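# Observations on chain architecture
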2 protein chains.
Amino acid sequence: MFDDDAAADGAAPGPMRWNGWGDPAKARELPSAVRALLPVVLGRIPRPAPAASFDEVELAASALDEADRHALAAIVGAEHVRTDREARIRHSGGKSTLDLLRRRAVQQHAPDAVVDPADDREIAAVLRLASERGIAVVPFGGGTSVVGGLDPEGGIDRADGGRRRAVISLELHRLSGLVALDELSGEATLRAGTTAPEAEALLAARGFELGHYPQSFRYATIGGFAATRSSGQNSSGYGRFDAMVTGLRVVTPSGDLDLGRAPGSAAGPDLVQLFLGSEGAFGVITEVRLRVHPVPEVRLHDAWTFRDFSAGANALRQVAQLGTGPTVIRLSDEAETGVGLAQVGRIGKALSKGCSVITVFEGEAAITAERRARTAAVLTAAGGTHTGERPAEEWVHGRFNAPYLRDALLDHGVFCETLETATTWSNLERLKRDVTEAITRGFSAHRAKSLVLCHVSHIYPTGAALYFTIIAGVKGDALEVWGKVKSGVNDAIMAGAGTISHHHAVGRDHAPWLEREIGELGMRVLGAVKAELDPAGILNPGVLLAADAAETRGR
Amino acid sequence: MFDDDAAADGAAPGPMRWNGWGDPAKARELPSAVRALLPVVLGRIPRPAPAASFDEVELAASALDEADRHALAAIVGAEHVRTDREARIRHSGGKSTLDLLRRRAVQQHAPDAVVDPADDREIAAVLRLASERGIAVVPFGGGTSVVGGLDPEGGIDRADGGRRRAVISLELHRLSGLVALDELSGEATLRAGTTAPEAEALLAARGFELGHYPQSFRYATIGGFAATRSSGQNSSGYGRFDAMVTGLRVVTPSGDLDLGRAPGSAAGPDLVQLFLGSEGAFGVITEVRLRVHPVPEVRLHDAWTFRDFSAGANALRQVAQLGTGPTVIRLSDEAETGVGLAQVGRIGKALSKGCSVITVFEGEAAITAERRARTAAVLTAAGGTHTGERPAEEWVHGRFNAPYLRDALLDHGVFCETLETATTWSNLERLKRDVTEAITRGFSAHRAKSLVLCHVSHIYPTGAALYFTIIAGVKGDALEVWGKVKSGVNDAIMAGAGTISHHHAVGRDHAPWLEREIGELGMRVLGAVKAELDPAGILNPGVLLAADAAETRGR
């Protein structure tokens, strides 16, 4: 379904922009219509100071000492322990707006080395060594985290009077490829470092598809999807990534785990679900077994318009509860529909009224046609008006491009970020209002105007996810302002019975709020699992577990 | 969908037979056709020695001392701490064939007391007291475990030189009722001690249904379904119980947990899935939030016949992978079809050829008709022949009655038990053969003839569950013989890449095999969670964690 450019043939995309999103060749200027619109919406925004160039960036010297470096080289080979500037800068974090703003500065943090293991055996040896010597290890897949999942935090070495440890980035790109495909059962085993486009190309050659399309699709890895409980744009049809996983292999400092023995089981707690979302804090996911499906015979697109968000949400609820089976269904609120972000390619071309809905149906021809017709009947009965196939096709075509737009906005000094949550249908509109108000109020407190767009892109019988896109005209230090606004938004999500993350994981950015979601005892359960698997506390210190996060925040 | 007798109106069934299944009024003699058939299949079987009557049963005196009894009474009220014979015998275990055989003896084990708390606060206080005083606590829902989940094992008090603790059965029937129903979101919150028929009656009064129908439906509780990761007969349509749960409240010796905040989440590991299947070893589940659906407008039944099991399994695989949406789909193998167990009411009436398949479709009228027609097209194309609606309706009518048949067989000295597993489609027929051989070989080694029937009743895109019904003409000590046969079967399941349980949980009976499914490190993870939540090790000692099981097995 990723038929919009050359990467579709499985050619690995080149490395991402070190200080922005994606393919450097696809970086683009802000459309002139948007440029004209921005001062109207956000007021006058001063152009920011120019960002540091790659050559201007200054890093502290690598804290990895020679003995440790030699020991790591003895495991993975000297060429696979990199301490050069380029490797370190390219592994210095993820792609949140905070990350990108930090990357404009001259002084930057980076891991002390990048280590590229070849296989599970080497990973196990690296983890043992790191545990003995107090070296923090940050597993690195596609590098697309937007929640601070990859910050090179060293944590505190309690055994050594608080001395900061060295931090290595454990780059997993050498763990790539299709290990096995059980065509009859529709199950594929992929190595964790395989990127999503590589995985789809390997599967397509055998007539199969995974069908997991988050915005990060072009760069993200299978292991990263598992570690972060990723949601994709087709999650309404194929389920979130956690619903696709049937098995995991995990290498931890305390040994290896092979989990997931049957399509369903009553053999105790589901430990697969304990490692999905573990964000590298419990172990390194090295293989993922996944449900796959035959490449769809047909793909059918439709666009709809509804009077308002409430009518659209009501229609989506009925679709979810009746189970009419769209592969993709998205509802843009009035604001998102208005600026045309529902179809990125159309931004600024026309201001639309009402709320747009997009549906995509995939699968075997006759069944897919039936699902489409049945869904259309529900949407029509719920007050929807069909607006043709084209807007939905355009959305599919442009759907991985929004992050490029963010880069262009940031270059113009316009703050741009996304955040998301999920809740029950009965609480959906209230939570949307509370979050929107928290964003608007938060920026207002810093004399910044903001525009908040929202869509629903993941539906369940009991509820849905809300995805917010925010642009704001921040005049002061955007890093500082956003830190405060986001904190207020997270408080509003917790007070409003939403989850702290539906799409993007906890990372370091949400870690202080996780305890309000799972409770003090829930945190202790996670801590007990971590202590068993990672007794030296070397694995991705600062993610998930708020206590660690608080300790390391001062760094 | 439970329209086969009076309990359908929600009237709580009376207490179960203390030494057999279900309603004493429904106990029945073996059908004469079956009686005639048995010697042909199994050889001559001596009638067993008569079972001990209720009055003949002898229990050891309660080991709960007066001080503990008073302390418990101070928490729950004196009338809710029962040490009388009747209460103790009725809480002495579950309903596996091993349980029922043990219940024929004069000397029986029973918990030292039965404690009936009213609410979470009382449960928390009981757990604190029990932790301080080293009293084991076995949470007790419907009492229908068939895997040794309820044995009154005291465990070993390591702090006290191995002295056996007292054991109390924590009876949860007072925790009953519907706490909340969110009609828009289709979410119900039920107290854990609510029985399934009570839950359905409470929901039906509001136009909703849960739709979880294991064989134990009439007696099992909502909390028990959650604690054991139960599968029901409608799991192909509505999902296993673990797929229905959206939230849990758990009271542990270390505090309380409120888990499950949104219909989907990326906020770290899914802790709900850590407590589903925890079998009372981590805490007492006191409330369960569940996805529910409107009472179906229509129910459509069909029966089919296939040439053989292989053709039938291939058809079910296609239905699962195309997602045509039956609520129930079951395939009986040649043996099960032959003896007519596919429709319990028809046992012995006619020997059928081939393999029968039953489908039931439920839901909104038009969509349900479409799903039925689409499924019928797939089954027909896969070689199925439609045999009318009647056999499927008969199956629905008689589907909770098989356990009564087991009682009648046991009374005739015929050993009868069930076991189940699950695996991928590509491994299904091999695992079926391996398990069947292990059963047959196991009984042969004890000069016992056996008959093994099998059905597939839970399908997934990647695989299916296998459910075996076994009858055997055991001449010696059936308890001892079955212990050895079952051990060989479990080894065959593990060697054959099946799960040790798909329907019934681990309990004490499967605990020694769990390590082969999740590995030594997986066991350590469970142990670390248990140590955090139940540091005194009082909760249901012996289930799940094989080390405990081994220690307590000598008792």
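Residues numbered from 1 in each chain as written. Chains lettered and ligands numbered in written order. Predicted model: local features only at pLDDT ≥ 70, side-chain atom pairs only at ≥ 80, totals over all residues. Heavy atoms only, no water.

The following threshold applies: UniProt positions are given in the numbering used here, feature names are shortened, and annotations may be inferred rather than shown by experiment.
The name an unreviewed UniProt entry assigns to chain A is Alkyldihydroxyacetonephosphate synthase, from the organism Microterricola gilva. Its UniProt record gives chain A a comment under Cofactor (unreviewed entry), which states: "FAD". According to the UniProt record, the Sequence similarities (unreviewed entry) comment for chain A reads "Belongs to the FAD-binding oxidoreductase/transferase type 4 family."

### Examining the interface of chain A and chain B
How we decide: Contacts between residues were defined by any pair of non-hydrogen atoms, one from each residue, lying within 4.5 Å. Each of two parts loses accessible area, computed with a 1.4 Å probe, when they are put together; buried area is these two losses added. Here a polar contact is recorded for every N or O atom pair within 3.5 Å, except that within protein the pair must consist of a potential hydrogen donor and a potential acceptor, and residues adjacent in sequence are included only if both atoms are side-chain atoms. Put simply, DSSP marks the helices as runs of H or I at least four residues long and the strands as runs of E at least two long, and each gets a number from the N terminus on. Residue polarity follows a fixed list, in which Ala, Val, Leu, Ile, Met, Phe, Trp, Tyr, Cys and Pro are nonpolar, Asp, Glu, Lys and Arg are charged, and the others, Gly among them, are polar.
Contacts between the two partners involve 80 residues from chain A, matched on the other side by 80 residues from chain B. Between chain A and chain B, roughly 6000 Å² of surface is buried when both sides are summed, and carbon and sulfur atoms account for 63% of that area. Applying the counting criterion to the chain A and chain B interface returns 30 residue pairs in polar contact (both at pLDDT 80 or more). At 13 residues, the largest contribution of residues to the side of chain A that touches chain B is made by helix H18 (residues 511–533) of chain A. Here the residues of the side of chain A that touches chain B sort into 35 nonpolar, 27 polar and 18 charged.

### Let's talk about the side chain of Glu-362 of chain A
Residues and elements named next belong to chain A. For the record, the criterion: Accessibility here uses a 1.4 Å probe with only protein chains present; expressed as a share of the type maximum, an area under 20% marks a residue as buried, one over 50% as exposed, and anything in between as partly exposed.
Tracing the backbone shows Glu-362 in strand E16 (residues 355–363). By relative accessible area, Glu-362 is classed as buried at 3%. At 3.1 Å, the side chain of Glu-362 forms a polar contact with the side chain of Arg-299.

### Remarks on the domain arrangement of chain A
Residues and elements named next belong to chain A. Rules: Boundaries between domains were set according to an automatic or database domain assignment. Should a side-chain nitrogen of Lys or Arg be within 4 Å of a carboxyl oxygen of Asp or Glu, the pair is scored as a salt bridge.
Domain assignment breaks chain A into domain 1 (51–174), domain 2 (178–294), domain 3 (298–398) and domain 4 (402–495). A separation of 25 Å is found between the C-alpha centroids of domain 1 and domain 2. With 15 residues of domain 1 in contact, the opposing surface of domain 2 contributes 13 residues. The largest share of the area that domain 1 buries against domain 2 comes from Asp-120, Leu-127 and Thr-144, three residues that together contribute 38% of it. In this assembly, domain 1 and domain 2 are joined by one salt bridge. Across the domain 1-domain 2 interface, the total number found is four residue pairs in polar contact (both at pLDDT 80 or more). With five residues, the single largest contributor to the side of domain 1 that touches domain 2 is helix H5 (residues 120–133). A per-class count over the side of domain 1 that touches domain 2 returns seven nonpolar, five polar and three charged.

### Things to note about the sheet that holds strand E15 (residues 328–332) of chain B
Residues and elements named next belong to chain B. Inclusion rule: In this description, strands pair whenever DSSP reports at least two bridges between them. For helices, the fitted axis covers only the stretch in contact; all axes are lines through C-alpha atoms, and the angles between them, taken along N-to-C directions, range from 0 to 180 degrees.
Spatially, E17-E14-E16-E15-E19-E20-E18 is the arrangement adopted by the seven strands of the open sheet, whose pairing is antiparallel. A strand with exactly one partner marks an edge of an open sheet, and here the two such strands are strand E17 (385–388) and strand E18 (415–424). The average undirected angle you get between the axes of adjacent strands in this sheet is 25 degrees. Taken together, the three bridges between strand E14 (residues 298–306) and E17 define a ladder with antiparallel strand orientation. Note that in E17 the partner of Thr-305 across the bridge is Thr-385. Contacts between helix H11 (residues 309–322) and the sheet are confined to E14, E15, strand E16 (355–363), strand E19 (450–456) and strand E20 (463–472), with E15 contributing the most and set at about 160 degrees to the helix.

### Regarding the pairing of strand E10 (residues 245–252) of chain B
All names here are of chain B. Of all eight residues making up E10, eight are buried, and the element is well covered by its neighbours. Across six bridges, the pairing between E10 and strand E12 (residues 284–291) is antiparallel. In the strand pairing of E12, Gly-247 is matched with Arg-289. The pairing of E10 with strand E11 (residues 255–259) spans five bridges and is classified as antiparallel. Within the sheet, the bridge partner assigned to Thr-252 lies in E11 and is Gly-255.

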